[in-house]
Amino acid sequence: MAGFSFSCFCFINPPILFTLPSESPLFLLGSGKDSPATRRRARKLVVSNAHSNPKIINPKKKSRYGQTLSPYDSDEEEELDDESDDDDDDWLLNDDFAEVTEYEKKKPKSQKTTIAKKGVKEAVKSWETDEDDLDNASDKKKKVEKDSWRLDGRGKVSTRKHVAKLYPRLSEEIDIDPKWVPLLDYLSTFGLKESHFVQMYERHMPSLQINVVSAQERLDYLLSVGVKHRDIKRMLLRQPQILQYTVENNLKAHISFLMGLGIPNSKIGQIVAVTPSLFSYSVENSLRPTIRYLIEEVGINENDVGKVVQLSPQILVQRLDITWNTRYMFLSKELGAPRDSVVKMVKRHPQILHYSIDDGFLPRINFLRSIGMCNSDILKVLTSLTQVLSLSLEDNLKPKYMYLVNELKNEVHILTKYPMYLSLSLDQRIRPRHRFLVELKKVRKGPFPLSSLVPNDESFCQQWAGTSVDKYLAFRQRLLLKDFANKYEKRG
């Protein structure tokens, strides 16, 4: 039998094959010279008690949400702590399209006690060090290895009483093993607090049982490929299993896959931060088939696939066969959209594959109809500016339409020629430029030319206003302050 690993199979979409990493504290420490019979008993004990060790969690404790903490890991998504950053890809974990990959199964080479690594505030499990190498090490190093498991990241002896002083709130909800302290100290450097550790524990219990050197190795790698330090906290809250994913057999394989799609190195970190769950999906059995589906079934050009993934990384962990077919059939039936038009929409704004038909598509299509646009005009607008389907009706589309008709004296059909008008900021672009040209008496009678809203500030001032950019920016600033003051007075 290679290693002390075991697998727990969860019948939740998607099925996740989980293997306890070799560095988990659930493995029993031995002298390294135990008999085979003793080791077999140890293995049996580990497997049977992996989720029932009374030292792992106090069954009488309740979580910060008022629920009894379960010693079993759950794949169900939970509401994140108020201090965490908002994100919108939790629902993706419910998809059953992609097959998840197994963690690497490591064979523990020894069961010695832990190694203290210089420059890192933690204890390291010495079973990662070959027994023969330990026999050849100096006496001083052996002594450090023998005693280091008793020290926390601050160089102090870790006891449960001492841990309760370091993490009082966490200790109230979880019976913390003193060996976890180095990892908690390290994760705290990313802004994680006690409430966050509770969430990580409830979401995936083994995530706090990783030795700190392994955790640092994995997070250091993510930082090296462009993940921002500030994003680590959010990623761990959403996908604490990242601490278990090995660099060589998991993280590097997934990063190499993204680069193979033509995604530039500068964008890799952003994609990983937005969709950390992609590491739980098999490259060969899930991610590559998703790309093939985009090319062969949806009709995205192979050279454009990387751009599509950059625009919407969540597409890699989405069930495309359902989302694509339902949205294509809806747009075809509702607007008479040909397949090529829908493919253009996906290419330009792949997020539409996430939008709800009832709450996203229909309300906006009906609004465009209500202001006098026919189906063919709506299709032109959506094909050119698909993100219209993501814009707020009350805060965006309706105010812009009212300003278009009442202030700019244009008819609604002009939107088929200048659909990007709907994507421009009313306060930052549309109103300031309109008022500025009116003040300079550069506007003729009749409909206001929407083409003046398209170029950047420098081109606008040169081609339309005939003045300096500084003068325009100063005018815009005064207008914004005036509008803010008027809104404040109305609220008062």
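Counting starts from 1 at the beginning of each chain's written sequence and moves along it residue by residue. For this predicted model, a pLDDT threshold of at least 70 governs which residues receive local features, and a threshold of 80 or more governs which side-chain atom pairs are given and counted, while totals over whole chains, interfaces and linings are taken from all residues. Heavy atoms throughout the structure, all of them, feed into the side-chain values; hydrogens and water do not.

Naming follows an unreviewed UniProt entry, where the chain appears as Transcription termination factor MTERF9, chloroplastic of Brassica campestris. UniProt's Sequence similarities (unreviewed entry) comment on the chain is quoted here verbatim: "Belongs to the mTERF family." UniProt positions are given in the numbering used here, feature names are shortened, and annotations may be inferred rather than shown by experiment.

Caption draft 1: Broad picture of the overall build of the chain. The numbering of helices and of strands both runs from the N terminus, where a helix is a DSSP run of H or I of at least 4 residues and a strand a run of E of at least 2. Each helix and strand counted, the chain has 21 helices and 2 strands in total. With a 1.4 Å probe rolled over the protein chains alone, any residue whose accessible area is under 20% of its type maximum counts as buried; one over 50% counts as exposed, and the rest are partly exposed. For the chain, with 492 residues in total, the buried portion stands at 49%. Only heavy atoms enter the contact rule, under which two residues are in contact if any of them lie within 4.5 Å. A sequence separation of at least 24 residues applies to 70% of the contacts in the chain between residues at least 6 apart. Carbon and sulfur atoms form 49% of the exposed surface of the chain, whose accessible area is close to 24,800 Å². All accessible areas in this document rest on Shrake-Rupley with a 1.4 Å probe, and a residue is counted as covered only by the protein chains that are shown.

Caption draft 2: Main features of the packing of helix H8 (residues 212-224) against helix H9 (residues 229-238). In contact at an axis separation of 10 Å, H8 and H9 are set at 125° when each is read in the N-to-C sense. Regarding the angle of H8 to H9, the classification is oblique. As H8 packs across H9, the resulting crossing turns out to be right-handed. Across the interface between the two elements, Leu219, Leu222 and Leu223 of H8 pack against His229, Ile232, Met235 and Leu236 of H9. Throughout this entry, Asp, Glu, Lys and Arg are counted as charged residues, while Ala, Val, Leu, Ile, Met, Phe, Trp, Tyr, Cys and Pro are counted as nonpolar. The remaining residues, Gly among them, count as polar. Looking at side-chain class alone, the contact of H8 with H9 contains 6 nonpolar, 1 polar and no charged residues. Simply put, an axis is a line fit to the C-alpha atoms, just over the touching stretch for a helix, and the angle between two N-to-C directions goes from 0 to 180 degrees. By definition in this entry, angles of less than 35 degrees are roughly parallel, angles greater than 145 are roughly antiparallel, angles of 65 to 115 are roughly perpendicular, and the rest are oblique. Helix crossings get a hand from a simple test, with the near helix turned counterclockwise from the far one by less than a right angle marking a left-handed crossing and a clockwise turn marking a right-handed one.

Caption draft 3: Just helix H16 (residues 357-370), in detail. A helix is expected to reach a length of 1.5 Å times the quantity of its residues less one. Here H16 spans 18 Å end to end across 14 residues, near enough to the 20 Å set by a 1.5 Å rise per residue. Inspection of H16 places Ile357, Gly360, Phe361, Arg364, Ile365, Phe367 and Leu368 among the buried residues, and these make up the whole buried set. For H16, the secondary structure elements touched by its buried residues are helix H14 (320-335), helix H17 (375-384) and helix H18 (393-406). Think of a polar contact as two N or O atoms within 3.5 Å of one another; within protein, one of them needs to be a possible hydrogen donor and the other a possible acceptor, and neighboring residues in sequence only count if both atoms come from side chains. The N-terminus of H16 is capped by Ser356, whose side-chain oxygen sits 3.3 Å from the backbone nitrogen of Asp358. Gly372, located one to two residues past H16, shows a positive phi value of around 105°.

Caption draft 4: The arrangement of the packing of aromatic side chains in detail. Stacked, tilted and edge-to-face pairs are distinguished by plane angle, under 30 degrees for stacked and over 60 for edge-to-face with tilted covering the rest, among Phe, Tyr and Trp rings (Trp via its six-membered ring) whose centres lie within 6.5 Å. Under the definition given, this model contains 10 aromatic pairs. Look at Tyr167 and Phe197: their rings are 6.3 Å apart centre to centre, the planes differ by 80°, and that puts the pair in the edge-to-face class. With Tyr167 in the loop between helix H4 (160-166) and helix H5 (168-173) and Phe197 in helix H7 (residues 194-203), the pair connects residues that are 30 residues apart, well separated along the chain. The same class applies to Tyr167 and to Phe197, which are both buried. Ring geometry for Phe330 and Phe361: centres 5.8 Å apart, planes at 75°, overall edge-to-face.

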